[in-house]
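# Architecture at a glance
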Amino acid sequence: MTRFLIKRIALLVPVVFGIITATFLLMHATPGDPALTYLGNHPEPAAIAALHHQWGLDKPVTQQYLDFIGGLFTGDLGNSLFYNETIVKLISLKLPPTLMLMIMGSLFGIIFALPLAIWTAIRKDKFIDHLVSLLNAVILGMPIFFIGAMGILFLALKVQIFPVGGYGETNLQHLWSLVLPSLTIGLGLVPLLVRSLRTSVIESLDSEYVAFARSKGLKNRSVWLKYALRNGSISGISILGIQVGYLAGGSLVIENVFGIPGMGSFLMTGILNRDFPVIQGATLTFAMLVVLVYLLTDVSYALLDPRARFK
Amino acid sequence: MRIVSKKLLVTAVTVALALPVSFTFSQVASAATPVKGGDLTILRGDLESSLTPSIPPDNAGIWVVEEIFDTLLVPAADAKSLKPSLATSWSASKDGLTWTFKLRSGVKFSDGTPMTSKDVKFSLQENSNPAGNWGFINSSISKIGTPDPLTVTITTKTPYSPLPAVMAIFANSIIPNNYGGKTKDEFGKHPIGTGPFKLATWTKGQLIKIVRNPYYWEAGKPYLDSITFKLVPDANTRANQVQGGQAQINEFPSFSSVKTLKNVPGVKVTAFDSSAVNFLIFNNTKAPLSDVHVRKALASLVDKKAIITAVLFGNGTPAGAYMSPSSWSHNASIKGLPYDLTKAKAELALSTQPNGFSATIMVSSGNADQNSMAQILQSEAAKIGVTLQISQLDPSAWTAARDNKSYDIMFGYDTTDIIDPDELIRFTGLIDGGGSSLWSYYDNQKSAKLANDAVLIDNQTKRKAIYDKIQVAFDNDQPMVPLYYAPNLYSYSTKVQAFHPFVTGNYNFRNVWLSK
Amino acid sequence: MSTSLSLRPNILSRLRGFRVNNFRLYLGIFIIFVVVAMAVLASHLTKFDPISQDLLNTLQGGTAEHFLGTDNLGRDVWSRLLYGGRTDLFLASIAVLAPFVIGTVVGAICGYFSGWVDTLVMRIADVVVAFPFYVLVISLVFILGNGVGSIFIAISLVSWVAYARIVRAETMIVRSKEFIEAAQTGGISNQKIITRHVLPNVITQAIVYAMSDIVLNIGVIVTLSYFGLGIVPPTPDWGRMIAEGQQFLAGGYYALTILPALAVVITSLGLSFIGDGLAVALRVKR
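This text gives an overview of the structure that appears in the document. (Residues numbered from 1 in each chain as written. Chains lettered and ligands numbered in written order. Predicted model: local features only at pLDDT ≥ 70, side-chain atom pairs only at ≥ 80, totals over all residues. Heavy atoms only, no water.)

For the rest of this paragraph, the subject is the interface of chain A and chain C. With 45 residues of chain A in contact, the opposing surface of chain C contributes 38 residues. Of the roughly 3,600 Å² buried at the junction of chain A and chain C (both faces included), carbon and sulfur atoms supply 81%. The largest share of the area that chain A buries against chain C comes from L26, F145 and I271 of chain A, three residues that together contribute 15% of it. Put simply, chain A and chain C have one salt bridge between them. We note a salt bridge from R195 of chain A to D276 of chain C, for which the minimum N-O separation is 3.4 Å. In this assembly, chain A and chain C are joined by three residue pairs in polar contact (both at pLDDT 80 or more). Breaking the side of chain A that touches chain C down by element, the ones donating at least two residues are α1 (2-28), α6 (127-141), α7 (144-158), α11 (244-258), α12 (263-272) and α13 (276-304) of chain A. Ranked by residue count, the leading element in the side of chain A that touches chain C is α13 of chain A, at eight residues. (Contact = heavy atoms within 4.5 Å. Buried area = accessible area lost by both parts, 1.4 Å probe. Salt bridge = Lys/Arg side-chain N within 4 Å of Asp/Glu carboxyl O. Polar contact = N/O pair within 3.5 Å; in protein donor to acceptor, adjacent residues only side chain to side chain. Helix = DSSP H or I, 4+ residues; strand = E, 2+ residues; numbered from the N terminus.)

Below, the structure is given as structure tokens:
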């Protein structure tokens, strides 16, 4: 296991390095001049020069790159242009709601998707299978902000079950205000999960374990419950892991629809603020988060299924 | 009749003393009794710049300052007269040069230290710095005296009639002498005043929370435990949160929501009398908008009536002069430029850009009304070959672009904070009037001189004649287009009681309470 | 489902297995045909300019003149739906082409040759995939500036990876087949083998994926304009329509929001059906 971990982390090094480089390129090597985006139409040349100096854009690119990496190693991502705070401090405030939203979103996703996947796997090619796949296609085609807006309209305004947005003040309020947003993300996740889970349940039903259990005379129901659920959740972990990109993108959109002060609204405010250090920091954090989840997925998969370690 | 009523009064008081129960009963019958307690959340779309009285040029800051601090006098609800506040009485000397203010006794700051005439003197001096945003408002003051702890005398260079009105502006709020021993910056972060509320938390760009000041001088007030001012840029989200009960007041509902919220239970929309004038503002320092013909061309493209119908849903009147009709200084003969495509083309042909140009119109993201108006203007401008790009900015970026002159065109509005027109004549019309001509950076030195002359005259008719001239000059230059005079719109929960913002904008939250 | 690739040498022979009763495929093709026809023929289906405003006739319900009513600036909703579809569909389809071509070529080369090129490209792919799609596209569009070109570049920079990975995996399987080995020993150039023998075998996967990729693109384009990025007024677009309609939801003007959303859903549904149908018809594993 230790060897597996070391190997896996070693493989990660070039990717992390690449992410850092890509984030750097995003701000420093794109065709547009960030100073122009920041200052708007026809700015004074002096103002452009001042901004270039402030951001260190007047130094050679290699020097900028080294400074950026040096900053990262010392935990310095610069300062926000609008809030008198360091990016690192701001991110530490904005990350918890996003993580919570992603966790609750995936829980809801699993809660909806697993029964549906098992049901459709058992009744493969029957009516319910087709119906679920049609519904999946409908949800897949719905922009997630629209699902969120409808959720607010019907579950928060018409029937006032949930708060319409915001994040509350106490921990309990935080949790409660994340329910509707997480439901939205969970719902958006369902088509992606059901499709893969259904396949893996069908495969495991056809597998030798189940054949063996059947030959032992186990009743059908307990066979499904035990093996289908167990195998389903193991593959569920890896499938969820793969979908972390969707979760992160979804929370970016949903946080803005519901006004949750997390990384997603941080990035969007950064964009509307023309706050480049914020955009850079938020993008980097999102990417690191995804890589970390990939790693955790691999590790937990390896723990659950030892064969995976030798692949 | 008089005598009889006096007798009756005596009887009534006796009965009340004897039977307190029936007294309370009669109060409930007339209007609900204010209930103490409760936390109120008010949602806003604009970012505050500062909470130090002498600084903020923006309503987002001013309206909070007015809750944390008190002024010597306050405007009456209709902005036509003045009422006592920290000063209980005031009078002018015969020569009109010296004003004497008697201070209320027993007033304490929110940290428990008593307020004296020394604090008043320091406060007025702090705000008299000509380099400050609001220094111009005190420019007539030559000397401030403190004969005793509860008396302040103010001497002016020449007889200056608006002085009492000026003592009611938030910028002349009373702060502790020497900032209570702190630096100005420190004080700015932890302000202390004598107002009904004191600052509890302030996260810039997110929220300001103020809580009851236990030392507040008016017995029994305020009723509310706390007020939270939350920045929620999206108009739609603000409307939803008030409707969903998460907030009680929407400081800036879009006009479209007046129509939509009418049938929603638990929420009401009220249009309060206001001094607000809304403008389409040009950055007068930026080519080609620095060209008066270009500005007039664009001004001729604005169909004010159509905007009022389509965007305001009829809640407003087309604007001509830049001073509000709520002020006596309003020049009713100015009608502004009519909507006229031919005239617009003709003006453009006279300009430096006869073949059109492109510019950016900056809107605060989530401001539905500004967004609609920007699209209307974009569509009209295209007809004369002018390309307008709409750029959505977060409130803080919007404010920054406004302050460092980097925008082209934007929308904005002004409201008066005092009952005298002097404030807005300067704030919106003059470069050094605290707001850089409402951030249009329009500079008219002739008008500046006229405005200085006007305040030396103690005759309203004569002053009005001067203000009329300034407004005509403004109309000729069109540094910005006065769009409409609109009421102050608020949507709020029906639980909010006694909420009645003044024409001058003051919320007077000390009177507001929440019913169960 | 699991017999992903037979030994059939090219796409034509696979099409012989095309099932006639593939209902989804035909339904999908029908939906997309109608949607595309409406977008293309927009100018013949309405007499109103989608951006011309009529400020004195705003927020009308369906009338004889405007049969889906007008929006808050008096613009004809039906015209805006048609022209909005033109904007979104055109952009989404165009934005599929470049990634499709780049991804397929890169994937085939990597899968066929392996070696350091493969390692390098796949590490780059890992890096791109680490950025959540929406996060990267939204940031890129912002930095490149609003506009159709920026959306196109941003999506292309991100989504070639998916094609490259799919095609690479398939190519690696195909490469080990006998007919490829036969061709190699027969002295046929690598370039010829790739274009004549590898690509026809692996491209079906990419085509099937392209259908869901267009759905993804429509989603991200609509989301961008919903947040005021990318497509900006006056260009009509479904996302912007939803965003602007939302302020009137509470007042009961549901159509302004629901209609454009419905248009997005129906279009995506059609594309999903085509994707599913193609997968069945071409016996591609999904």
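All names here are of chain B. Among the structural elements, V107 can be located in the loop between β5 (98-103) and α4 (117-126). In this structure, the C-alpha to C-alpha distance between V107 and L337, residues 230 residues apart in sequence, is 52 Å. Those residues in contact with V107 that lie beyond four places of it in its chain are L86, P114, M115, T194 and W217.

Once that is clear, we can look at unusual backbone geometry. All names here are of chain B. Following K221, the chain continues into P222 via a peptide bond in cis, with omega recorded as -5°. Position of P222 relative to the elements: it lies in the loop between β9 (207-212) and β10 (226-231). A287 connects to P288 through a cis peptide bond whose omega is 0°. Mapped onto the elements of the fold, P288 is located in the loop between β13 (277-282) and α9 (292-299).

Our next topic: the nonpolar core. Among soluble globular proteins, nonpolar side chains are generally buried collectively. Ranked by internal contacts, the top residues of the largest apolar core, which has 165 residues, are I19, F145 and L267 of chain A together with V137, I151, I218 and I221 of chain C. For this core, the leading source of residues is helix α9 (residues 190-226) of chain C, giving 17 residues. Other than its neighbours up to four places away in sequence, I19 of chain A contacts L284, A287, M288 and V291 of chain A together with V127, A130 and F131 of chain C. With 97 residues, the next largest nonpolar core counts F101, I425, F427 and Y441 of chain B among its residues. (Core = buried A, V, L, I, M, F, W, Y, C linked by side-chain atoms within 4.5 Å. Buried < 20%, exposed > 50% of the residue type's maximum accessible area, 1.4 Å probe, protein only.)

Further remarks concern the interface of chain C and chain B. Taken together, the contacts link 19 residues of chain C with 19 residues of chain B. Interface area for chain C against chain B, summed over the two sides, is near 1,600 Å², with a carbon-plus-sulfur share of 53%. If you look at where chain C meets chain B, you find zero salt bridges. The interface formed by chain C and chain B includes seven residue pairs in polar contact (both at pLDDT 80 or more). Looking at side-chain class alone, the side of chain C that touches chain B contains nine nonpolar, seven polar and three charged residues. (Nonpolar A, V, L, I, M, F, W, Y, C, P; charged D, E, K, R; others polar.)

On to the pairing of β9 of chain B. Residue and element names in this part refer to chain B. Alignment of strand β8 (residues 197-203) against β9, held across six bridges, turns out to be antiparallel. By the bridge assignment, L199 is partnered in β9 with I210. Counting the residues that bridge the hairpin from β8 to β9 gives three residues, and of these G205 lies at a positive phi of roughly 85°. (Pairing = 2+ DSSP bridges.)

All names here are of chain B. Judged by pairing direction, the sheet is mixed, and its six strands sit side by side in the order β14-β18-β13-β17-β15-β16 without closing on themselves. Two strands lie at the open edges of the sheet, namely β14 (317-318) and β16 (387-393), each paired on one side alone. Bridging between strand β15 (residues 358-364) and strand β17 (residues 409-414) involves two bridges; their strand directions are parallel. Of the residues in β17, the one forming a bridge with M362 is M410.

Tallied over the entire structure, the rule returns 38 aromatic pairs over all chains. Ring plane angle 85° and centroid distance 5.2 Å describe the contact between Y490 of chain B and F499 of chain B, whose orientation is recorded as edge-to-face. Exposure class is identical for Y490 of chain B and F499 of chain B. Each is buried. Each ring, one from Y163 of chain C and one from Y209 of chain C, has its centre 5.1 Å from the other, and the planes form 85°; the classification is edge-to-face. Of this pair, Y163 of chain C sits in helix α7 (residues 148-175) while Y209 of chain C sits in helix α9; the two residues are 46 residues apart in sequence, bridging distant segments of the chain. Since its relative accessible area comes to 21%, Y209 of chain C is described here as partly exposed. Pairwise contacts between aromatic rings join W63, F229, F272, Y490, Y492, F499, Y507 and F509 of chain B into one cluster. Above the plane of the ring of W439 of chain B lies R402 of chain B, whose end atom (NZ or CZ) is 3.7 Å from the centre. (Phe/Tyr/Trp six-rings, centres within 6.5 Å; stacked < 30°, edge-to-face > 60°. Lys NZ or Arg CZ within 6 Å of the ring centre and 35° of its normal.)

Looking now at the sheet that holds strand β12 (residues 267-272) of chain B. Residue and element names in this part refer to chain B. Read from one edge to the other, the open sheet built from seven strands follows the order β8-β9-β10-β1-β11-β19-β12, with strand pairing classed as mixed. The sheet is open, and its two borders are formed by β8 and β12, each paired with just one other strand. Judged from the five bridges that link them, β9 and β10 form a sheet pairing that is antiparallel. Each bridged residue has a counterpart across the sheet, and for I210 the counterpart in β10 is I227. Its contacts with the sheet put helix α3 (residues 59-68) on β1 (39-44), β8, β9, β10 and β19 (488-493), and the angle it makes with β1 is roughly 160°. (Axes fitted to C-alpha atoms, helices over the stretch in contact; angles between N-to-C directions.)

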